[in-house]
Protein chains: 2
Amino acid sequence: MAPQTGVLVPLAAGQVLEVVDPCGEQVSDFYAVMQDDIAECFSAGRTVDYNNTLYPSTGHRLWSNRSSVMATIVADSVGIHDMTVTPCSQQTFDILYPEFDGAPHPSCFANLCGALEPVGVAPDHIGTTLNIFMDVWTSPDGELHIDPPPTQAGDVFAIRAEADLFVGLTACSAEKSNAGVCKPIDYRVR
Amino acid sequence: MAPQTGVLVPLAAGQVLEVVDPCGEQVSDFYAVMQDDIAECFSAGRTVDYNNTLYPSTGHRLWSNRSSVMATIVADSVGIHDMTVTPCSQQTFDILYPEFDGAPHPSCFANLCGALEPVGVAPDHIGTTLNIFMDVWTSPDGELHIDPPPTQAGDVFAIRAEADLFVGLTACSAEKSNAGVCKPIDYRVR
């Protein structure tokens, strides 16, 4: 995937999606809905709750808003991923990054909207994503800190679909979350 | 509000909703949608992101899934609230609390569904809540810890609506999040 783009990946139950950072220091946002009923979608909140962690890794499951298992994490060479912040959007740049002066900017939210629109997912139904390789940590007072992704070229994160899914995947568009430069993301389905 | 119940609170822009813990050590889950278009709803992820904190407090704003300001926090005698976990549901008890042996259990999710159904909000559209007075903290490795609410009788959290809202509010039903006993919650609209 070229920098600052998104893609639709249909996954049949049992297939494995591998997400690879080919250059290092690059985030990939992940969202998914059930093929059988697109109103059933990935829930970051239920995934945090049921796994009892902010950093999902190998063996953890991804849960839906109806508390169904959507996928299992089957490989993870990094161990740092985020589920607290929403995909970057035009408003993210407008609100948080005044240096862009409100100019149009590519975003993971727009790219996920474009990727998932052909299967009928409305923008309002794209919630908090699993932000693969994104390093968000908090001070004891709750303040968020976003560090460069702790990845090196070739690092991998993989899930096995436990149901038929439509996945939206991006090469993240926010310079600040990607050590200053937006780079490509590789993926493959096995 | 009686223990383990929920309520619908319509708020006009400019009105203030005060949530009071009358006994101490009790959580209240908050969710909201816009009256003008109920598909526009509270987004915990955007609220975390735009305020740059996991612990929203006085002066912070509550944001929607369309990046609009829904409310401003105008009073907070506690400073500890959660936006990472979803409201407790029947599945929460089934999955996380085997001691209940799958028996029917009141839940914030069911109570929010009941509170918001009369204004047309479907269960699938009730996402991660603002869990007022809930003390969730994480170890550096990301593990979640839920401590008793750090409230004393009379502690207050208040928001001013910045748009016309339908609010769903609960007295939380999960014993483990409430120091072992589910207690009432008071609220008033000014």
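Residues numbered from 1 in each chain as written. Chains lettered and ligands numbered in written order. Predicted model: local features only at pLDDT ≥ 70, side-chain atom pairs only at ≥ 80, totals over all residues. Heavy atoms only, no water.

Turning our eyes to something else, we now look at the relation of the copies chain B and chain A. Taken as rigid bodies, chain B and chain A are interconverted by a rotation of 180° and an axial shift of 0.0 Å, the fit giving an RMSD of 0.0 Å. Expressed as an axis order, the relation between the two copies is that of a two-fold axis. Scanning chain B for the C-alpha nearest the rotation axis identifies Thr84(B), at a separation of 3.3 Å. Looking at the interface residues of chain B, 100% of them are also at the interface in chain A, so both copies use one shared face. (Least-squares fit on C-alpha atoms with pLDDT ≥ 70 in both. Contact = heavy atoms within 4.5 Å.)

A word on unusual backbone geometry. Of note, Asn52(A) is a non-glycine position whose phi angle comes to about 55°, a positive value. Turning to its location among the elements, Asn52(A) is positioned in the loop between α1 (44-51) and β4 (61-63). (Helix = DSSP H or I, 4+ residues; strand = E, 2+ residues; numbered from the N terminus.)

Here the structure, examined in full by the defined rule, presents 12 aromatic pairs over all chains. Judged by centre distance (4.8 Å) and plane angle (75°), the ring pair of Tyr50(A) and Trp63(A) falls under edge-to-face. With Tyr50(A) in helix α1 and Trp63(A) in strand β4, this pair connects stretches of sequence that are 13 residues apart. The pair formed by Tyr50(A) and Trp63(A) is uniform in burial state, with each residue classed as buried. Ring geometry for Tyr31(B) against Phe42(B): centres 6.4 Å apart, planes inclined by 90°, an arrangement best described as edge-to-face. Of this pair, Tyr31(B) sits in strand β3 (residues 28-34) while Phe42(B) sits in the loop between β3 and α1 (44-51), and the two are 11 residues apart along the sequence. We note Arg46(A) situated over the ring of Phe109(B); from NZ or CZ to the ring centre the distance is 5.5 Å. (Phe/Tyr/Trp six-rings, centres within 6.5 Å; stacked < 30°, edge-to-face > 60°. Buried < 20%, exposed > 50% of the residue type's maximum accessible area, 1.4 Å probe, protein only. Lys NZ or Arg CZ within 6 Å of the ring centre and 35° of its normal.)

Residue and element names in this part refer to chain A. Secondary-structure assignment places Gln26 in the loop between β2 (16-21) and β3 (28-34). The class of Gln26 is buried, set by a relative accessible area of 0%. There is a polar contact of 2.8 Å between the side chain of Gln26 and the backbone nitrogen of Lys183. (Polar contact = N/O pair within 3.5 Å; in protein donor to acceptor, adjacent residues only side chain to side chain.)

Our next topic: the sheet that holds strand β11 (residues 186-189) of chain A. Adjacent strands of a sheet pair through backbone hydrogen bonds, lying either parallel or antiparallel. Residue and element names in this part refer to chain A. Sheet architecture is open: five strands sit in the order β4-β5-β9-β2-β11, paired in antiparallel fashion. Both edges of this open sheet fall to β4 and β11, since each of them pairs with a single strand only. Neighbour-to-neighbour, the strand axes of this sheet turn through a mean angle of 25°, independent of strand direction. Sheet topology note: the strand β5 (residues 69-76)/strand β9 (residues 155-161) ladder contains five bridges and is antiparallel. In the sheet register, Ile73 faces β9, and the bridge partner there is Ile159. (Pairing = 2+ DSSP bridges. Axes fitted to C-alpha atoms, helices over the stretch in contact; angles between N-to-C directions.)

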